[in-house]
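An overview of the molecular structure
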Amino acid sequence: MKIDPWSSTTYQDYTRLRDEFGIQEFSEDLWKDLPHPHRLLRRGVVFGHRGFELIHDAIINKKPWAILTGLMPSGKMHLGHKMVIDEVIYYQSLGADIFIAVADIEAFATRGYTLEETEELALNEYISNYIALGLKPEKCRIYFQSKHQDVKDMAYILGKKINWSQMVATYGFTESTNMTHIFSPLVQTGDILHVQLKKFGGVRPTLVPVGVDQDPHIRLSRDISQAHRLYNVTVTKDNKIGVFVKVDKDIEKLLDNAEEILNKLHFTELKRITDYKAIYIKKAEEEDIPRIDEHLAKSETRFGGYGFFQPSATFHRFITGLTGEKMSSSKPESAIFLSDTPEDARKKIMHAKTGGAVTLEEQKKHGGNPSDCMVYELFLYHLIENDDELAEIYNSCKSGKQMCGNCKKYASELMEKNLISIAEKRKTADKKIKDYLI
Ligand code: TRP
Ligand code: SF4
């Protein structure tokens with residue numbers, strides 16, 4: 001199995017996907033004690049993560065942290081695209097610095113759009129809806145990949161630590177893949193890591209909330225961030241904790257610096273072996289590694305390093321299209337667009353595939369199947385905030401009390417209200433866009 005970020009695959013079995021790729025489960029202890037946890041986190045729509053512990057720690061202990069995510073401007077914005085921005089707005093309310101990349105280089109390379117077309121789409125479809133949905137301009141920067149010199153510079157420089165065979169193994173590139181496409185994952189790595197440059201707030205935990213199709217890019221960025229570090233802290237073969245210098249320049253100075261940091265952290269029994277470029281720490285435990293590494297990372301910029309924290313990521317499931325296939329801009333009947341009129345949306349919902357039985361009688365007797373129902377998914381992902389109300393719908397569907405006709409009507413009403421409010425706010429969004437762009 002391979003995850004291809006540019007294919008239009010839908011995934012059925014998220015647990016298997018998680019296990020196969022070593023994605024961690026997004027378990028309750030990671031979100032339960034966050035302030036007013038978002039519905040997508042509470043309900044398992046966000047089902048996996050890499051390194052979210054760092055973010056959890058930053059939120060709970062009120063340390064600085066950042067969000068970086070990206071949008072691929074291709075086609076109109078629909079409910080599937082709304083999820084990421086719902087998450088971003090939630091994290092903004094918790095105090096994160098927000099960065100949003102418009103992936104115009106990627107859309108140009110992989111989807112055949114011109115840069116002008118992507119600009120038009122990004123401004124009128126995506127960014128205006130983001131504003132209408134409640135994204136605030138404070139501590140929030142939206143930029144275009146093609147116009148961001150630091151991001152492009154990072155892409156070139158960070159690429160030094162990755163070779164062609166790794167790219168082929170990760171993405172399945174072939175001899176006929178165009179070079180801009182081949183380069184686009186490095187641009188995305190530039191997106192993800194540039195926020196840790198001093199100019200953009202410095203070394204700090206960074207969360208990338210994305211759909212699971214983006215995992216190859218996340219793995220690449222995490223690997224690259226580590227490859228550029230000057231230090232490595234690990235458990236050695238004989239079960240000691242060691243700090244190792246990974247470069248061949250300034251070894252003495254780097255060991256001095258590490259020793260000083262370790263002393264400050266009250267690790268005093270150290271054994272330094274310069275030939276191994278190593279310091280072994282007595283009386284340290286594996287649990288101490290993140291804390292030690294954090295301090296070492298932050299010191300690296302003084303020695304010409306980047307000191308990146310490994311970027312964290314969360315992965316959400318894809319919302320199913322109303323037709324039962326993928327929700328996709330190229331199939332308007334499968335998607336509800338944020339610019340749909342209430343009537344359009346109602347029609348689509350009334351035609352949606354449900355988990356209802358074949359006849360009313362059957363359904364009264366045996367109940368419906370909300371777990372395989374696109375209307376229920378609308379409630380779960382977007383329309384119902386209150387968990388008890390959602391549970392009530394689930395139960396009355398299961399028990400045969402609720403019939404699909406009524407249920408669809410209710411979903412349409414909620415959706416109409418939503419769309420009307422978004423349309424209203426979108427009217428004034430145009431004028432505000434400049435407050436968000438760099
Ligand atoms: N590749 C993403 C997509 O297809 C868009 C993207 C570009 C992105 N840069 C990013 C996502 C950085 C997350 C982080 O939708
Ligand atoms: Fe879906 Fe509602 Fe029908 Fe149940 S009653 S199957 S939730 S539309």
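Residues numbered from 1 in each chain as written. Chains lettered and ligands numbered in written order. Predicted model: local features only at pLDDT ≥ 70, side-chain atom pairs only at ≥ 80, totals over all residues. Heavy atoms only, no water.

1. Notes on the overall build of the protein
Within the protein, the regular secondary structure consists of 17 helices and 11 strands. Taken over C-alpha atoms, the radius of gyration comes to 24 Å for the protein, in line with the 22 Å a tight globule of 438 residues would show. For the C-alpha atoms alone, the extent of the protein along its principal axes is close to 80 × 50 × 45 Å. Residue burial in the protein is summarised as follows: out of 438 residues, 53% are buried. Counted over contacts in the protein with a minimum sequence separation of 6, partners at least 24 positions apart contribute 74%. Surface summary for the protein: the accessible area is close to 20800 Å², and the carbon and sulfur share equals 51%. Computed over 60 positive and 63 negative side-chain charges, the inter-centroid distance for the protein is 2 Å. (Helix = DSSP H or I, 4+ residues; strand = E, 2+ residues; numbered from the N terminus. Rg over C-alpha atoms; globule rule 2.2 N^0.38 Å. Buried < 20%, exposed > 50% of the residue type's maximum accessible area, 1.4 Å probe, protein only. Contact = heavy atoms within 4.5 Å. Areas by Shrake-Rupley, 256 points an atom, 1.4 Å probe, with all protein chains shown as cover. Lys, Arg positive; Asp, Glu negative; His and termini not counted. Charge placed at Lys NZ, Arg CZ, Asp CG, Glu CD.)

2. So, the site of ligand 2
Near ligand 2 the following residues occur: T354, G355, G356, Q363, C373, V375, Y376, C397, Q402, M403, C404 and C407. Taking a 2 Å distance to the grid points as the criterion, the majority of the atoms of ligand 2 fall inside the largest cavity. Across the shell around ligand 2, the residue classes tally to 7 nonpolar, 5 polar and no charged. (Near = heavy atom within 4 Å. 1 Å grid on protein atoms, 1.4 Å probe; cavity = no way out; pocket = protein on both sides within 12 Å on 5 of 7 lines; lining within 4 Å. Sits in = over half its atoms within 2 Å of the grid points. Nonpolar A, V, L, I, M, F, W, Y, C, P; charged D, E, K, R; others polar.)

3. Re the layout of surface pockets
By volume, the largest pocket is sized at about 1000 Å³. In terms of lining residues, the largest pocket is bounded by 43 residues, among which M72, H81, R111, D213 and Q214 are the most central. Only β3 (66–71), α4 (79–93), α5 (104–111), α6 (115–133), α9 (179–194) and β6 (206–211) provide two or more residues apiece to the lining of the largest pocket. Looking at the lining of the largest pocket, its residues break down into 19 nonpolar, 18 polar and 6 charged. (Points joined across faces, edges and corners; volume = space filled by probe spheres on them.)

4. Structural notes on empty space enclosed by the protein
Under the counting rule described, the total for this entry stands at 2 cavities of 30 Å³ or more. Considered as a void within the structure, the largest cavity measures approximately 120 Å³ in volume. What lines the largest cavity is a set of 17 residues, and nearest its centre among them are T354, C373, C397, C404 and C407. Broken down by secondary-structure element, the contributors of at least two residues to the lining of the largest cavity are α15 (374–383), α16 (387–398) and α17 (404–432). The dominant element in the lining of the largest cavity, judged by the number of residues it contributes, is α17, at 3 residues. One number sums up the size of the second largest cavity: a volume of about 50 Å³. Around the second largest cavity sit L79, K82, L338, H382, L383, M415, N418, L419 and I422, which together line it. Listed by contribution, the elements that provide at least two residues to the lining of the second largest cavity are α4, α15 and α17. By residue number, the principal contributor to the lining of the second largest cavity is α17, which donates 4 residues.

5. What to know about unusual backbone geometry
Even without glycine at this site, H36 takes up a positive phi of about 25 degrees. Here H36 shows up in the loop between β1 (24–25) and α2 (39–42). Of note, the phi angle at N239 is positive, near 65 degrees, even though the residue is not glycine. Summarising the element assignment, N239 is placed in the loop between β7 (231–235) and β8 (241–245).

6. Things to note about the domain arrangement of the protein
Each assigned domain of the protein is listed here: domain 1 (14–228 + 309–316), domain 2 (231–303) and domain 3 (332–435). Taking only C-alpha atoms into account, the centre of domain 1 sits 30 Å from that of domain 2. Domain 1 puts 6 residues into the contact, and the matching count from domain 2 is 5 residues. Roughly 430 Å² is buried in total at the junction of domain 1 and domain 2, and carbon and sulfur atoms are behind 54% of that figure. By the criterion of area lost to domain 2, the three top residues of domain 1 are V203, Q226 and F309, representing 72% of everything that side buries. At the boundary of domain 1 and domain 2, one finds 1 salt bridge. One salt bridge connects E294 with K63, and the closest N-O pair in it is separated by 3.9 Å. (Domains from an automatic or database assignment. Buried area = accessible area lost by both parts, 1.4 Å probe. Salt bridge = Lys/Arg side-chain N within 4 Å of Asp/Glu carboxyl O.)

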